[in-house]
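Notes for the structure review
So you can see what is in the structure, the chains are spelled out below.
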4 protein chains.
Amino acid sequence: MIILVRPNADPKQVENLLTLLRSKNISPNVSVGCHQTVIGCVGDVTHLDTNLIEALDVVEGVRHIQEPYKAANRLFHPDPSVIALPDGAIGGGHFAVMAGPCSVESEEQIIGIARAVKAAGANVLRGGAFKPRTSPYSFQGLGAEGLRMLSVAKKETGLPIVTELMEIKDIELFNDVDIIQIGARNMQNFNLLKEVGSYTKKPILLKRGMSSTLQELLMSAEYIMSSGNPNVILCERGIRTFETALRNTMDLGVVPVLHRLSHLPVMVDPSHATGYAHLVEPVATAATAIGADGLIIEVHNDPAHAKCDGVQSQTPETFARTMTKIKALRELVDKKIL
Amino acid sequence: MIILVRPNADPKQVENLLTLLRSKNISPNVSVGCHQTVIGCVGDVTHLDTNLIEALDVVEGVRHIQEPYKAANRLFHPDPSVIALPDGAIGGGHFAVMAGPCSVESEEQIIGIARAVKAAGANVLRGGAFKPRTSPYSFQGLGAEGLRMLSVAKKETGLPIVTELMEIKDIELFNDVDIIQIGARNMQNFNLLKEVGSYTKKPILLKRGMSSTLQELLMSAEYIMSSGNPNVILCERGIRTFETALRNTMDLGVVPVLHRLSHLPVMVDPSHATGYAHLVEPVATAATAIGADGLIIEVHNDPAHAKCDGVQSQTPETFARTMTKIKALRELVDKKIL
Amino acid sequence: MIILVRPNADPKQVENLLTLLRSKNISPNVSVGCHQTVIGCVGDVTHLDTNLIEALDVVEGVRHIQEPYKAANRLFHPDPSVIALPDGAIGGGHFAVMAGPCSVESEEQIIGIARAVKAAGANVLRGGAFKPRTSPYSFQGLGAEGLRMLSVAKKETGLPIVTELMEIKDIELFNDVDIIQIGARNMQNFNLLKEVGSYTKKPILLKRGMSSTLQELLMSAEYIMSSGNPNVILCERGIRTFETALRNTMDLGVVPVLHRLSHLPVMVDPSHATGYAHLVEPVATAATAIGADGLIIEVHNDPAHAKCDGVQSQTPETFARTMTKIKALRELVDKKIL
Amino acid sequence: MIILVRPNADPKQVENLLTLLRSKNISPNVSVGCHQTVIGCVGDVTHLDTNLIEALDVVEGVRHIQEPYKAANRLFHPDPSVIALPDGAIGGGHFAVMAGPCSVESEEQIIGIARAVKAAGANVLRGGAFKPRTSPYSFQGLGAEGLRMLSVAKKETGLPIVTELMEIKDIELFNDVDIIQIGARNMQNFNLLKEVGSYTKKPILLKRGMSSTLQELLMSAEYIMSSGNPNVILCERGIRTFETALRNTMDLGVVPVLHRLSHLPVMVDPSHATGYAHLVEPVATAATAIGADGLIIEVHNDPAHAKCDGVQSQTPETFARTMTKIKALRELVDKKIL
């Protein structure tokens with residue numbers, strides 16, 4: 001952290017600032033220039049509330065050098081995290097595809113889709129039971145009954161399951177769930193992050209908020225990790241911008257950036273990012289080529305009658321074709337060509 | 001709602017679509033053009049999940065005509081809502097100012113600030129007890145103890161209090177709270193919205209999410225209202241854009257837009273919107289001039305040592321000066337000059 | 001400017017960097033910390049291309065302290081610039097309103113509107129002759145003939161005129177024009193900026209680009225000023241964000257920010273910012289309250305038949321009502337109440 | 001186009017609207033609902049200024065069905081355009097890579113880089129002679145002398161050249177240039193678009209503006225095409241959003257969208273989009289996987305001493321490695337696997 005001192009600052013107040021910093025175990029390093037005095041801060045500033053510093057009269061501004069997250073920071077954990085799944089793993093060269101319907105609608109539906117996506121090569125079954133919907137009048141998911149149906153599909157196919165948790169009071173229903181998803185709208189529901197982090201060590205799939213910076217995403221991972229659960233999988237799912245050609249703007253460039261900033265695996269959700277079934281395949285291949293550690297894709301046996309997000313759901317047939325392309329790309333990765 | 005039929009659509013499938021619409025109590029009105037067939041839908045489409053329609057093969061697209069919110073919609077409630085406060089009211093010509101520190105730090109602090117803001121003309125005391133912070137390492141608020149201190153300040157000064165609720169399990173601590181705030185990061189925590197709406201009829205101050213559209217804001221109000229509580233106060237607090245000159249981009253133009261779309265009162269938060277104390281006054285005056293029904297302003301007796309948001313807190317002296325300007329503007333409004 | 005040196009940097013390369021800096025008349029000031037070495041740069045870095053520095057192997061990053069603009073910078077010109085208009089002035093307490101149609105359509109039209117806006121209190125007549133339109137199929141303005149009509153209206157009413165220049169080859173037609181507008185889409189047409197800056201000392205009304213930062217706006221002002229013309233008037237006209245409730249997001253908060261960064265006058269264009277006539281008045285009053293030095297408003301005698309931008313044009317009657325409110329606010333400013 | 005009539009509209013005014021539409025060769029189709037009357041407009045509305053309609057008292061709003069561009073519209077030109085290059089082609093299955101320095105600095109430099117990128121497989125040499133720079137104090141390019149050096153490099157290597165035109169008066173210097181680039185900042189410099197479109201039939205590389213929608217990009221292509229030059233190549237180069245992790249947000253998802261909307265080839269510029277050399281390769285591979293028709297990449301022999309954009313320039317060695325990956329991906333495309 002670098003502190004810019006206001007021109008003409010009272011030397012006594014500057015001295016008070018230095019004392020304050022030392023009391024926080026930070027060694028200040030003062031450079032006096034003719035127009036500007038600058039204080040370099042050496043030491044662990046992660047726990048320091050920099051707003052405090054910025055609010056002081058003598059301070060013109062603060063420039064951050066190190067990122068404020070620790071547990072998620074690649075600097076302190078140079079090797080990529082490999083997060084074990086019931087079958088396989090994700091991160092550090094391991095690639096996983098999660099697929100299934102936006103929401104669980106019936107036992108027959110979820111079992112049918114589970115079989116289809118397994119046959120096409122998916123590693124995990126996704127399916128929503130508790131659904132965050134913009135409108136109170138939209139279908140809100142089957143809840144506990146949906147979770148039960150997911151369990152049946154898991155037994156039938158052997159596929160582990162991932163589904164979204166919206167409130168900590170529901171977590172006891174999640175015993176059979178293998179990966180717990182925190183949705184984009186809850187990425188900064190800090191209570192939920194702390195609670196889920198201290199309750200379980202199961203992998204947490206943390207979706208980036210629609211307008212969250214990478215630093216905010218990593219700080220939310222930090223909430224989970226500092227509460228006791230290191231198994232966080234990050235997921236880019238599109239951001240909100242001025243452009244409305246797609247439902248969201250697919251921010252694929254952040255995949256290599258997140259890999260530099262953090263050791264955590266990074267997945268991509270091409271279904272929510274684009275909002276249109278015909279764009280899922282091209283975005284999924286691009287995400288694979290850019291180095292994502294996994295994909296989460298919506299697949300529905302009958303998109304036209306899906307209870308939600310039908311527009312963006314692939315059919316099992318299209319999903320199988322997409323998987324062929326993904327596999328061809330992953331072969332290039334495994335051969336170190338890509 | 002208008003449905004655009006794909007060129008060359010199979011007439012049987014179009015007939016199926018018409019049957020589907022009629023089954024939902026919607027009267028379809030077909031216009032056949034040489035390039036495009038269009039179906040106008042007359043009836044209450046609020047409860048219809050339009051994704052269903054959009055996913056059909058024969059449908060090229062859907063265009064919405066009416067807004068999907070009902071309870072919050074000015075169309076069905078032409079007069080502005082006036083929400084009673086313990087002392088005064090907000091909306092429909094009634095103006096209120098809420099002021100106080102970002103977070104409650106001590107009994108002495110909150111009583112001192114309460115007295116100062118009351119003397120300057122504030123109608124409600126604000127103060128955070130549960131604080132949503134981006135970093136798990138930042139000060140998270142005093143919790144229940146903070147609420148107790150707010151109650152003491154309320155008793156001392158007679159000012160009603162507004163403070164943020166982050167999780168429904170805490171609500172029993174809020175008995176003495178007069179207005180319950182739902183923060184920007186929880187604007188789409190739909191469970192919390194439903195729970196707070198069914199638990200209480202106290203006014204809810206609903207802050208707009210950092211990247212929420214007006215429609216999303218009104219749908220979140222709709223969650224609260226359709227759960228049983230009609231007393232929602234909307235609050236614009238800045239949106240996230242490419243511009244970083246201010247902490248957020250103050251979107252003042254939405255005040256008159258919200259007044260056309262909805263009958264609910266609209267407040268403005270110049271402290272969070274700008275992020276800098278010296279910008280609070282100019283933005284507060286602009287918000288008053290544009291017709292906001294109220295303001296919520298951060299005031300701290302010692303901003304340089306505030307535990308959070310010191311940079312954007314006014315001192316009691318500056319706040320008093322701002323209030324003088326606000327009052328001069330409100331006089332122009334009351335005289336029908338502005 | 002502060003340079004962050006990469007951990008484990010080769011000391012020889014660091015020495016080369018210091019030599020490079022000194023060769024550019026910059027005195028480097030090195031602070032060695034245990035994790036990070038930091039070089040503070042004292043001297044005029046305005047002319048230094050910092051990309052050069054950032055590209056060096058030993059450099060981790062560069063943090064800017066001082067703004068890169070000089071002529072427009074308030075730091076070197078503490079008093080606000082007052083730009084003289086043929087009648088009155090703008091900036092430093094002087095307020096001006098420019099009004100008129102989006103485009104000049106006929107002699108009768110422009111004279112009629114000129115008389116109406118003058119009667120209501122406008123100081124300058126606006127009217128487009130060369131129109132930048134998104135579509136090649138839209139009306140592109142009357143060109144030279146439109147300029148001639150503006151001159152007639154000027155003679156008839158005595159109002160000075162402001163109109164947009166799109167290409168330097170047209171400037172000889174602008175002899176009778178008093179203020180030359182550079183449109184938002186040309187804000188970074190650097191050739192045009194240099195050419196207009198060296199050709200004339202008439203006031204230049206420089207509109208902020210739809211997604212330009214304040215720094216980019218001021219750098220564009222710098223192009224004009226460093227070419228020889230110091231008379232630049234900045235104009236905020238709305239930015240592009242995710243929100244589509246208004247045509248653009250009115251970024252009023254930048255008015256006080258620009259006044260701190262620069263000594264140049266700052267106008268606001270509520271017509272283009274909002275895109276709807278009924279929002280022009282509330283935004284115009286808010287802009288006045290927040291301290292803008294002037295307004296530019298579209299007024300049309302018959303908005304329904306305007307050749308462009310009819311939706312956002314006020315009628316002369318509405319404009320007169322708006323002017324009454326603006327004057328009431330400016331009285332508060334003049335009495336030091338606002 | 002669909003026109004929504006205001007509830008309670010005066011039937012006479014509605015009749016006037018219908019007459020107006022018919023006078024523009026549009027057949028109106030009226031659907032009367034109990035809450036809303038809707039007019040479907042059949043006919044060519046491309047040349048109609050819809051603002052005119054929207055401004056009428058009886059009109060509540062207008063919904064567009066067809067896109068306003070014609071020449072660039074895939075609807076009227078179902079096959080992809082193949083644009084011939086001196087060696088090879090771009091579009092419709094033909095892929096091209098353009099590479100070279102941000103700006104031409106010396107004959108030796110440009111010849112050396114040209115040889116290196118040709119050896120690695122580039123099809124076209126890029127290099128800036130006229131440079132649009134945010135700051136008037138930054139290096140502005142070598143101008144005519146830079147163009148001369150590009151010609152020498154072309155003679156030496158046989159590579160065709162692409163370079164940016166900033167003002168029409170310079171075009172006589174572009175005789176030896178094979179592809180003319182219109183930069184992002186000039187995407188809505190409509191005079192330049194019209195002039196270049198009527199002056200030459202050489203391929204025009206049109207870069208998307210930093211905050212331009214796809215429709216605006218295609219309307220700018222329409223300016224060039226309707227002026228006489230059908231050979232437009234579109235180029236996505238990153239958009240401006242709230243996210244600052246990369247210089248711009250790489251909007252790769254628009255590649256398949258543009259291919260659906262238009263028959264024109266779509267290139268991607270990973271250098272400007274990301275702003276960092278180490279991100280160029282991953283983004284370039286993702287762009288190839290998603291179906292871009294070409295890439296334009298900055299390569300510099302000595303990035304640390306480049307006169308501009310050194311931070312984002314690949315070295316010739318890195319570029320060669322990237323080309324190997326691109327070729328492996330293009331083989332999958334050619335074999336119909338990808």
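Residues numbered from 1 in each chain as written. Chains lettered and ligands numbered in written order. Predicted model: local features only at pLDDT ≥ 70, side-chain atom pairs only at ≥ 80, totals over all residues. Heavy atoms only, no water.

1. Things to note about the overall build of chain A
Each helix and strand counted, chain A has 10 helices and 14 strands in total. Oriented by its inertia axes, the alpha-carbon framework of chain A measures out at about 75 × 45 × 35 Å. Put simply, chain A has 338 residues, and 65% of those count as buried. Considering only contacts in chain A between residues 6 or more positions apart, those separated by 24 or more positions represent 68%. With an accessible surface of roughly 11,700 Å², chain A has 50% of that area assigned to carbon and sulfur atoms. A distance of 2 Å separates the average location of the 33 positive side-chain charges in chain A from that of its 36 negative side-chain charges. (Helix = DSSP H or I, 4+ residues; strand = E, 2+ residues; numbered from the N terminus. Buried < 20%, exposed > 50% of the residue type's maximum accessible area, 1.4 Å probe, protein only. Contact = heavy atoms within 4.5 Å. Areas by Shrake-Rupley, 256 points an atom, 1.4 Å probe, with all protein chains shown as cover. Lys, Arg positive; Asp, Glu negative; His and termini not counted. Charge placed at Lys NZ, Arg CZ, Asp CG, Glu CD.)

2. Regarding the side chain of A:Gln181
Mapped onto the secondary structure, A:Gln181 falls in strand β10 (residues 179–182). Discounting chain neighbours no more than four positions away, the residues touching A:Gln181 are A:Val162, A:Thr163, A:Glu164, A:Leu165, A:Leu205, A:Lys207 and A:Ile296.

3. A closer look at the packing of helix α5 (residues 190–199) of chain B against helix α6 (residues 214–226) of chain B
Residue and element names in this part refer to chain B. Running from N to C, α5 and α6 cross one another at 40°; their axes reach a closest spacing of 7 Å. If you check the angle between α5 and α6, you find them oblique. Note on element contacts: α6 touches α5 through Ser220, Tyr223 and Ile224, opposite Phe190, Leu193, Lys194, Val196 and Gly197. Split into classes, the residues belonging to the contact of α5 with α6 amount to five nonpolar, two polar and one charged. (Axes fitted to C-alpha atoms, helices over the stretch in contact; angles between N-to-C directions. Parallel < 35°, antiparallel > 145°, perpendicular 65-115°, else oblique. Nonpolar A, V, L, I, M, F, W, Y, C, P; charged D, E, K, R; others polar.)

4. Points about the relation of the copies chain B and chain A
Note on the copies: chain B fits chain A at an RMSD of 0.0 Å, the axial shift is 0.0 Å, and the rotation between them is 180°. What the superposition gives is, in effect, a two-fold axis relating one chain to the other. The rotation axis passes nearest to the C-alpha of B:Ser211 in chain B, at a distance of 3.1 Å. Mapped onto chain A, 100% of the interface residues of chain B are again interface residues, and the two copies thus contact each other with one and the same surface. (Least-squares fit on C-alpha atoms with pLDDT ≥ 70 in both.)

5. Here's the deal with the interface of chain B and chain A
Tallying the contact residues gives 47 residues for chain B and 47 residues for chain A. Among the residues of chain B in contact with chain A, B:Thr134, B:Tyr137 and B:Arg240 are the three that bury the most area, contributing 16% of the side total. For the pair chain B and chain A, the number of links is two salt bridges. The salt bridge partner of B:Arg240 is A:Glu216, with a shortest N-O separation of 2.6 Å. Among the elements that make up the side of chain B that touches chain A, the one with the highest residue count is α6(B) (five residues). Along the lines of polarity and charge, the residues of the side of chain B that touches chain A split into 17 nonpolar, 16 polar and 14 charged. (Buried area = accessible area lost by both parts, 1.4 Å probe. Salt bridge = Lys/Arg side-chain N within 4 Å of Asp/Glu carboxyl O.)

6. Description of the environment of A:Gly93
Residues and elements named next belong to chain A. Structurally, glycine 93 is set in the loop between β6 (89–90) and β7 (96–100). Take glycine 93: its relative accessible area is 53%, and that puts it in the exposed class. Residues glycine 93 and valine 333, 240 residues apart in the sequence, show an inter-C-alpha distance of 8.9 Å.

7. Section: the pattern of salt bridges
Enumeration over the complete set of coordinates arrives at 64 salt bridges over all chains. For D:Arg148, the salt bridge goes to D:Glu145, with nearest N and O atoms at 2.7 Å. Here D:Arg148 pairs with D:Glu145, and both are found in helix α4 (residues 144–157), just three residues apart, close to one helical turn. Several salt bridges converge on common partners, so that one network encompasses A:Arg208, A:Glu236, A:Asp251 and D:Glu243.

8. Some thoughts on the sheet that holds strand β9 (residues 161–164) of chain D
Residues and elements named next belong to chain D. Spatial ordering of the closed barrel is given by β7-β8-β9-β10-β11-β12-β13-β14, a layout of eight strands whose pairing is parallel. Averaged over all adjacent pairs, the angle separating strand axes in this sheet is 25°, with direction ignored. Pairing of β9 with strand β10 (residues 179–182) involves three bridges; the strand directions are parallel. Of the residues in β10, the one forming a bridge with valine 162 is isoleucine 179. Docked against the sheet, α4 engages β8 (124–126) and β9, running at close to 165° with respect to β9. (Pairing = 2+ DSSP bridges.)

9. Digging into the sheet that holds strand β13 (residues 266–268) of chain C
Residue and element names in this part refer to chain C. One closed barrel accounts for eight strands, arranged β7-β8-β9-β10-β11-β12-β13-β14; its pairing is parallel. Between one strand axis and the next, the sheet turns through 25° on average, direction left out of account. In the sheet, strand β7 (residues 96–100) pairs with strand β8 (residues 124–126) via two bridges, with the strands oriented parallel. Residue pairing in the sheet places methionine 98 in a bridge with valine 124 of β8. Against the sheet, helix α4 (residues 144–157) engages β8 and β9 (161–164), with an angle of about 165° to β9.

10. A word on the nonpolar core
Counting 145 residues, the largest nonpolar core has B:Leu206, B:Leu234, B:Phe319, C:Leu206, C:Leu234 and C:Phe319 as its most contacted members. When sequence neighbours within four positions are dropped, the list of residues in contact with B:Leu206 reads B:Ile182, B:Met187, B:Leu193, B:Leu217, B:Ser220, B:Ala221, B:Ile224, B:Val232, B:Ile233, B:Leu234 and B:Cys235. Formed by 144 residues, the second largest nonpolar core is a distinct cluster that contains A:Leu258, A:Ile297, D:Met187 and D:Val254. (Core = buried A, V, L, I, M, F, W, Y, C linked by side-chain atoms within 4.5 Å.)

11. Side note on the packing of aromatic side chains
A complete count under the given rule lists eight aromatic pairs over all chains for this structure. For the pair D:Phe130 and D:Phe174, a centre-to-centre distance of 6.3 Å together with 15° between the ring planes defines the contact as stacked. Here the residue D:Phe130 occupies a position in the loop between β8 and α4, and D:Phe174 occupies one in the loop between β9 and β10, the gap between them amounting to 44 residues. Residue class for D:Phe130 comes out buried when judged on its relative accessible area of 16%. Taking NZ or CZ as reference, A:Lys307 lies 5.0 Å from the ring centre of A:Phe139, over its face. (Phe/Tyr/Trp six-rings, centres within 6.5 Å; stacked < 30°, edge-to-face > 60°. Lys NZ or Arg CZ within 6 Å of the ring centre and 35° of its normal.)

12. Digging into the packing of helix α3 (residues 107–120) of chain D against helix α10 (residues 316–334) of chain D
All names here are of chain D. For the pair α3 and α10, the least separation of the axes is 9 Å and the interaxial angle reads 25°. Here α3 is positioned roughly parallel relative to α10, judged by the angle of their axes. For the pair α3 and α10, the crossing hand works out as right-handed. Side by side, α3 and α10 meet where Ala116, Val117 and Ala120 of the first sit next to Pro316, Phe319, Ala320, Met323 and Lys327 of the second. Classifying every residue of the contact of α3 with α10 by side-chain character gives seven nonpolar, no polar and one charged. (Left-handed = near helix turned anticlockwise from the far one by under 90°.)

13. So, the environment of A:Ser198
Mapped onto the elements, A:Ser198 comes out in helix α5 (residues 190–199). One polar contact links the side chain of A:Ser198 to the main-chain carbonyl oxygen of A:Glu195, over a distance of 3.2 Å. (Polar contact = N/O pair within 3.5 Å; in protein donor to acceptor, adjacent residues only side chain to side chain.)

14. Describing the environment of A:Thr324
As for its placement among the helices and strands, A:Thr324 is situated in helix α10 (residues 316–334). Each C-alpha atom of the pair A:Thr324 and A:Ala120 lies 8.3 Å from the other, and the pair is 204 residues apart in sequence.

15. Considering helix α1 (residues 11–23) of chain B
Since the α-helix turns once every 3.6 residues, residues separated by three or four places project in the same direction. Residue and element names in this part refer to chain B. The terminal C-alpha atoms of α1 lie 18 Å apart, and with 13 residues this matches the ideal 18 Å at 1.5 Å per residue to within 8%. Listed in full, the buried residues belonging to α1 are Val14, Leu17, Leu18 and Leu21. Projected down its long axis, α1 shows its buried positions confined to an angular sector of 100°, all on one face. Exposed residues pointing more than 90 degrees away from the buried face of α1 are listed as Lys12, Asn16 and Ser23. Where α1 starts, the residue carrying a side-chain oxygen 2.9 Å from the main-chain nitrogen of lysine 12 turns out to be aspartate 10. Once α1 finishes, asparagine 25 follows within two positions and takes phi at roughly 65°, a positive value. (Expected span 1.5 Å × (residues − 1). Arc of directions from axis to C-beta.)

16. Points about helix α10 (residues 316–334) of chain B
In this model α10(B) runs 26 Å from its N-terminal to its C-terminal C-alpha over 19 residues, within 8% of the 27 Å that 1.5 Å per residue would give. Regarding α10(B), the residues found buried are B:Pro316, B:Phe319, B:Thr322, B:Met323, B:Lys325, B:Ile326, B:Ala328, B:Leu329, B:Arg330 and B:Leu332. Residues of α10(B) that are buried in the fold lie against β7 (96–100), α3 (107–120), α9 (277–289) and β14 (294–298) of chain B together with α10 (316–334) of chain C. Downstream of α10(B) by one or two residues, B:Lys336 has phi in the positive range, about 65°.

17. Details of the confidence of the model for chain A
Per-residue confidence for chain A averages 92 on the pLDDT scale, and 97% of its residues sit at or above 70. This prediction of the complex comes with two scores: 0.90 for pTM and 0.88 for ipTM. (pLDDT = per-residue confidence, 0-100.)

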